[in-house]
Amino acid sequence: MHGGEPRRRSSLSVTEPIVTGVMFPFASTAEMAEFVEERHRAGSERPDYARNTNPTRRAAECKLTNLEAAGTDLDVDTILTSSGMAAVNGLLLYVLKAGDHLVLSDSLYRVTCQFACELLTRFGVEVSLVETGCPDALEHAVRSDTTAILVESPSNPFNYCTDLEHLARIGRRCDAVTIVDSTFATPYNCKPLVHGINFVVHSVTKYLAGHNDLMAGSITGDLWEIAGLRGVQTQLGCVVDSHTAYSVIRGLKTFGLRMARHNANAQALAEMLECHPKVGRVWYAGLESHPQHLTAARFMEGFGGVVSFDLGNHETAAAVNDRLQLAMLGGSLGATETLVHQPWLLSHFDQTAAERKAIGIGKGLIRVACGIEDTDDLLADFRQALDAA
């Protein structure tokens, strides 16, 4: 509620004001010279031009930093970007150069993999994919020229989890930057920086903002590294406007309440689905049957809001989805409404059948992004859809 915010604002308002100005003029040449000198030395909080910084955006960044680092002695900062893709791709552009080697987990967000394998390789970056959550595979993938390792934990859509401390040790040993996309976990459930990870990125669009009404991303890491990243952000122009930043702050006010319900709904749904006779298999890190349950339990306070389950074939899966009355058909996650989709049909539509089979994406697979509806109502909706299919 209050993290990252001043006790009393100059505006005297309870909420952060929306500052729409693009240009912030100086009172004198001397003030301008002092600002430039301060920015050269260590950066400046004073706004001058909205692509560089904006008071409302800066307030949102401070709040996000507090979520990742509260209660620790970490000296970190956050950049708020125009989308989750802008966050992760801008960070990769910052840390990589021609001739570098990048290691990615194989169940990373599809568009991030495409960016790395199709675009970064054009500029001389070599990319290796490794099995998510497999320590041995990660050990074998790193090389003397490995510059960065990027994983998503938990991953989409199977909630595979990475041993974050092991990842951090590998990064230190080979002098590689470690990056965790923690969108599924959120800082409510997991704080990767505490375990030695260099950078954590989020699609703020999802749980952090939480209402399916804005796009934003974030990068949190070492204070000085973030200062360097701000220069890249200024060059790329991937910034959010003040109205979006204000909506991020507003969403964060209820973040803890929402995440508690997301966690509870997903756990209850996963347990119900695991017992249903028509369900073949359920993937949720909060279930003991999940292959990385013990790893998830070490690093997470809760297990997030995404559950995947298999019904064997497209016809049955489609029938269940179409009979749902509360959950809606859609491919996003992290907002107040429950969304369902079949990954083979939507998020992985551009892959061949063989490619989908290799990563376990079958035609009967359904991914559920649990919202914050009443738990009993949510379970009843899935029961009636399954029973009628």
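Figured I'd write up the structure that's included with this text. (Residues numbered from 1 in each chain as written. Predicted model: local features only at pLDDT ≥ 70, side-chain atom pairs only at ≥ 80, totals over all residues. Heavy atoms only, no water.)

### Details of the overall build of the protein
Move 1: The secondary structure content of the protein amounts to 14 helices and 12 strands.
Move 2: Its C-alpha atoms give the protein a radius of gyration of 22 Å, within 12% of the compact-globule value 21 Å for 389 residues.
Move 3: C-alpha atoms of the protein, sized along the principal axes, occupy 75 × 50 × 35 Å.
Move 4: Per-residue burial for the protein yields a buried fraction of 54% across its 389 residues.
Move 5: Pairs at least 24 residues apart make up 72% of the contacts formed inside the protein by residues separated by at least 6 positions.
Move 6: Accessible surface for the protein amounts to roughly 17000 Å². Of this, 54% is attributable to carbon and sulfur atoms.
Move 7: If the 33 positive side-chain charges of the protein are averaged to one point and the 46 negative ones to another, these points end up 3 Å apart. (Helix = DSSP H or I, 4+ residues; strand = E, 2+ residues; numbered from the N terminus. Rg over C-alpha atoms; globule rule 2.2 N^0.38 Å. Buried < 20%, exposed > 50% of the residue type's maximum accessible area, 1.4 Å probe, protein only. Contact = heavy atoms within 4.5 Å. Areas by Shrake-Rupley, 256 points an atom, 1.4 Å probe, with all protein chains shown as cover. Lys, Arg positive; Asp, Glu negative; His and termini not counted. Charge placed at Lys NZ, Arg CZ, Asp CG, Glu CD.)

### Digging into a nonpolar patch on the surface
Move 1: A cluster of nonpolar side chains, namely Val22, Met23 and Tyr49, defines an oily patch on the protein surface of about 280 Å² accessible area.
Move 2: Checked against the element boundaries, valine 22 lands in the segment before α1 (29-41). (Patch = residues over 30% accessible without salt bridge, like charges linked within 9 Å, V, L, I, M, F, W, Y side chains within 5 Å. Salt bridge = Lys/Arg side-chain N within 4 Å of Asp/Glu carboxyl O.)

### Observations regarding the nonpolar core
Move 1: Judged by nonpolar contacts, the single largest core of 49 residues is most densely connected at Ile149, Leu273, Phe309 and Phe382.
Move 2: Broken down by element, the residue count for this core peaks at 6 residues, all from helix α10 (residues 255-275).
Move 3: With residues up to four places along the chain from it excluded, the contact list for phenylalanine 309 reads Leu273, Val279, Arg281, Val282, Trp283, Gly364, Leu365, Ile366, Val368, Phe382 and Leu386.
Move 4: Leu108, Leu120, Ile179 and Val201 belong to the second largest nonpolar core, which has 24 residues in total. (Core = buried A, V, L, I, M, F, W, Y, C linked by side-chain atoms within 4.5 Å.)

### A few points about empty space enclosed by the protein
It is the rolling of a water-molecule-sized probe over the atoms that shows where space remains empty.
Move 1: According to the stated counting rule, one finds 4 cavities of 30 Å³ or more in the structure shown.
Move 2: Of the voids in this model, the largest cavity is the one considered here, and its volume is about 100 Å³.
Move 3: Around the largest cavity, the lining comprises 13 residues; the ones closest to its centre are Glu131, Gly133, Cys134, Leu138 and Thr162.
Move 4: Counting residues per element, the ones that place at least two in the lining of the largest cavity are α5 (135-141) and α6 (164-173). (1 Å grid on protein atoms, 1.4 Å probe; cavity = no way out; pocket = protein on both sides within 12 Å on 5 of 7 lines; lining within 4 Å. Points joined across faces, edges and corners; volume = space filled by probe spheres on them.)

### Describing unusual backbone geometry
Move 1: The residue after serine 153, namely proline 154, is reached through a cis peptide bond having omega -10°.
Move 2: Relative to the helices and strands, proline 154 resides in the loop between β4 (146-152) and α6.
Move 3: A cis amide bond links asparagine 156 to the next residue, proline 157, at an omega of 0°.
Move 4: Within the secondary structure, proline 157 sits in the loop between β4 and α6.
Move 5: Positive phi values are uncommon outside glycine, yet threonine 186 reaches one of about 65°.

### Let's talk about the pattern of salt bridges
Move 1: This structure, assessed with the given rule, holds 13 salt bridges.
Move 2: Across the pair aspartate 145 and arginine 143 runs a salt bridge, and its minimum N-O distance is 2.9 Å.
Move 3: Ionic contacts of the salt-bridge type, sharing partners, join the residues Arg58, Glu61, Asp77 and Arg230 into one network.

### Concerning the sheet that holds strand β11 (residues 339-341)
Move 1: Strand order in the open sheet made by the 5 strands is β8-β9-β12-β11-β10, with mixed pairing throughout. In this open sheet, the two edge strands, each paired with only one partner strand, are β8 (281-283) and β10 (328-329).
Move 2: Summarising the sheet, β11 and strand β12 (residues 365-369) pair through 3 bridges and their orientation is antiparallel. Within β12, the position partnered with histidine 341 by the bridge is arginine 367.
Move 3: Relative to the sheet, helix α12 (residues 314-323) contacts β10, β11 and β12, its axis offset from that of β12 by approximately 30°. (Pairing = 2+ DSSP bridges. Axes fitted to C-alpha atoms, helices over the stretch in contact; angles between N-to-C directions.)

### Considerations on the sheet that holds strand β6 (residues 199-203)
Move 1: Within the open sheet, the 7 strands sit side by side as β1-β7-β6-β5-β4-β2-β3. Their pairing is mixed. For this open sheet the edge positions go to β1 (76-81) and β3 (126-130), each flanked by a neighbour on one side alone. Strand-to-strand twist in this sheet, taken as the mean axis angle between neighbours without regard to direction, amounts to 20°.
Move 2: Packed on one face of the sheet, helix α4 (residues 110-119) meets β2 (101-105), β3 and β4 and runs near 155° to β2.

### Quick look at helix α2 (residues 55-69)
Move 1: When the terminal C-alpha atoms of α2 are compared, their 21 Å separation across 15 residues agrees well with the 21 Å that a helix rising 1.5 Å per residue should span.
Move 2: With 11 of its 15 residues buried, α2 lies for the most part within the structure.
Move 3: Among all positions in α2, only Thr56, Arg57, Arg58, Ala59, Ala60, Glu61, Lys63, Leu64, Thr65, Glu68 and Ala69 are buried.
Move 4: For α2, the elements touching its buried residues are β1, α7 (186-189), β6, β7 (217-222), α8 (223-236) and α9 (242-253).
Move 5: Taking the backbone nitrogen of threonine 56 as reference, a side-chain oxygen 2.8 Å away marks asparagine 54 as the first, capping residue of α2.
Move 6: Residue glycine 71 follows α2 closely and has a positive phi angle near 80°. (Expected span 1.5 Å × (residues − 1). Polar contact = N/O pair within 3.5 Å; in protein donor to acceptor, adjacent residues only side chain to side chain.)

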